[in-house]
Amino acid sequence: MQLITPQFGLIFWQTLTLLTVLWILGRFGWKPMLRIIQEREQYVEEALASASAADKKAAAAQAEETRILAAAQAERESIIATAVSTKEAILEEAKQTATKLSQDILHQNQLAIQEAHAASLTALKNEVGMLAVQVAEKLLQKELRTTDQQTELLDKLLSK
């Protein structure tokens, strides 16, 4: 039964030991532990604040990236549209130049053909005239061998 009912001396020494341990822990153990716990809480709060700031920066960077990508896309489309319109203008100008050039060449060729045709006709007329004169000369030489015949022909031509 002595285990169930403690004696006064045992209670006194146990209380004194407990108070001594509490005083030693309070003096040397709890204050550093509480300080370490508070430092840890402060570190965790700073880490959470830093993480929150990093999340905000990441969101801002994402928004900026999206804005930059949209601007780049718009600029790309603008450049492509400008290039397409420039290409079409160059093609149209080249087509007009080619059409004008072909018309000029065609006109020059037609003039050259007309000039060649006129020159050919003139040469042909000259050749025909020369041949006619040669034929007439030969005919006249055959028919007008005598002087009397020449005089007679000359009188006819003069009278006409």
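Throughout what follows, the structure given in this document is the object of discussion.

Cut-offs and rules
Residues numbered from 1 in each chain as written. Predicted model: local features only at pLDDT ≥ 70, side-chain atom pairs only at ≥ 80, totals over all residues. Heavy atoms only, no water. Helix = DSSP H or I, 4+ residues; strand = E, 2+ residues; numbered from the N terminus. Rg over C-alpha atoms; globule rule 2.2 N^0.38 Å. Buried < 20%, exposed > 50% of the residue type's maximum accessible area, 1.4 Å probe, protein only. Areas by Shrake-Rupley, 256 points an atom, 1.4 Å probe, with all protein chains shown as cover. Lys, Arg positive; Asp, Glu negative; His and termini not counted. Charge placed at Lys NZ, Arg CZ, Asp CG, Glu CD. Salt bridge = Lys/Arg side-chain N within 4 Å of Asp/Glu carboxyl O. Phe/Tyr/Trp six-rings, centres within 6.5 Å; stacked < 30°, edge-to-face > 60°. Lys NZ or Arg CZ within 6 Å of the ring centre and 35° of its normal. Patch = residues over 30% accessible without salt bridge, like charges linked within 9 Å, V, L, I, M, F, W, Y side chains within 5 Å.

So, about the overall build of the protein chain. Looking only at helices and strands, the protein chain features two helices and zero strands. For 160 residues, the compact-globule estimate of 2.2 N^0.38 gives 15 Å, and the C-alpha radius of gyration of the protein chain, at 64 Å, exceeds that figure by more than 25%. In terms of overall dimensions, the protein chain has C-alpha extents of about 200 × 25 × 25 Å along its principal axes. In the protein chain, which comprises 160 residues, the share counted as buried stands at 2%. Surface exposure of the protein chain reaches about 14,700 Å², of which carbon and sulfur atoms provide 65%. Across the protein chain, 17 positive and 20 negative side-chain charges occur, with their mean positions spaced 6 Å apart.

Quick look at the environment of asparagine 109 now. By the element assignment, asparagine 109 lies in helix α1 (residues 8–143). Accessibility expressed as a relative area gives 41% for asparagine 109, which makes it partly exposed. For the pair asparagine 109 and alanine 132, spaced 23 residues apart in the sequence, the C-alpha separation amounts to 33 Å.

Attention shifts here to the pattern of salt bridges. Per the counting criterion, the structure on display carries three salt bridges. For arginine 35, the salt bridge identified is with glutamate 39, shortest N-O distance 3.5 Å. Of this pair, arginine 35 and glutamate 39 both sit in helix α1, four residues apart, which is roughly one turn of that helix. Residue classification places arginine 35 among the partly exposed positions, given a relative accessible area of 45%. On the basis of relative accessibility, which here comes to 42%, the residue glutamate 39 falls in the partly exposed class. Across the salt bridge formed by lysine 100 and aspartate 104, the nearest N and O atoms sit 3.4 Å from each other. Of this pair, lysine 100 and aspartate 104 both sit in helix α1, separated by four residues, roughly a single helical turn. Assessed through its relative accessible area of 52%, lysine 100 is described here as exposed.

Moving on to the packing of aromatic side chains. Per the stated rule, a full pass over the model turns up one aromatic pair. On the numbers, 5.2 Å between centres and 70° between planes, the contact of phenylalanine 12 with tryptophan 13 is edge-to-face. Above the face of the phenylalanine 28 ring, arginine 27 is positioned so that its terminal group lies 5.9 Å from the ring centre.

Glancing now at a nonpolar patch on the surface. Taken together, the side chains of Leu18, Leu19, Val21, Leu22, Leu25, Trp30, Met33, Leu34 and Ile37 make up a nonpolar region of the molecular surface, amounting to roughly 820 Å² of accessible area. By the secondary structure assignment, leucine 22 is in helix α1.

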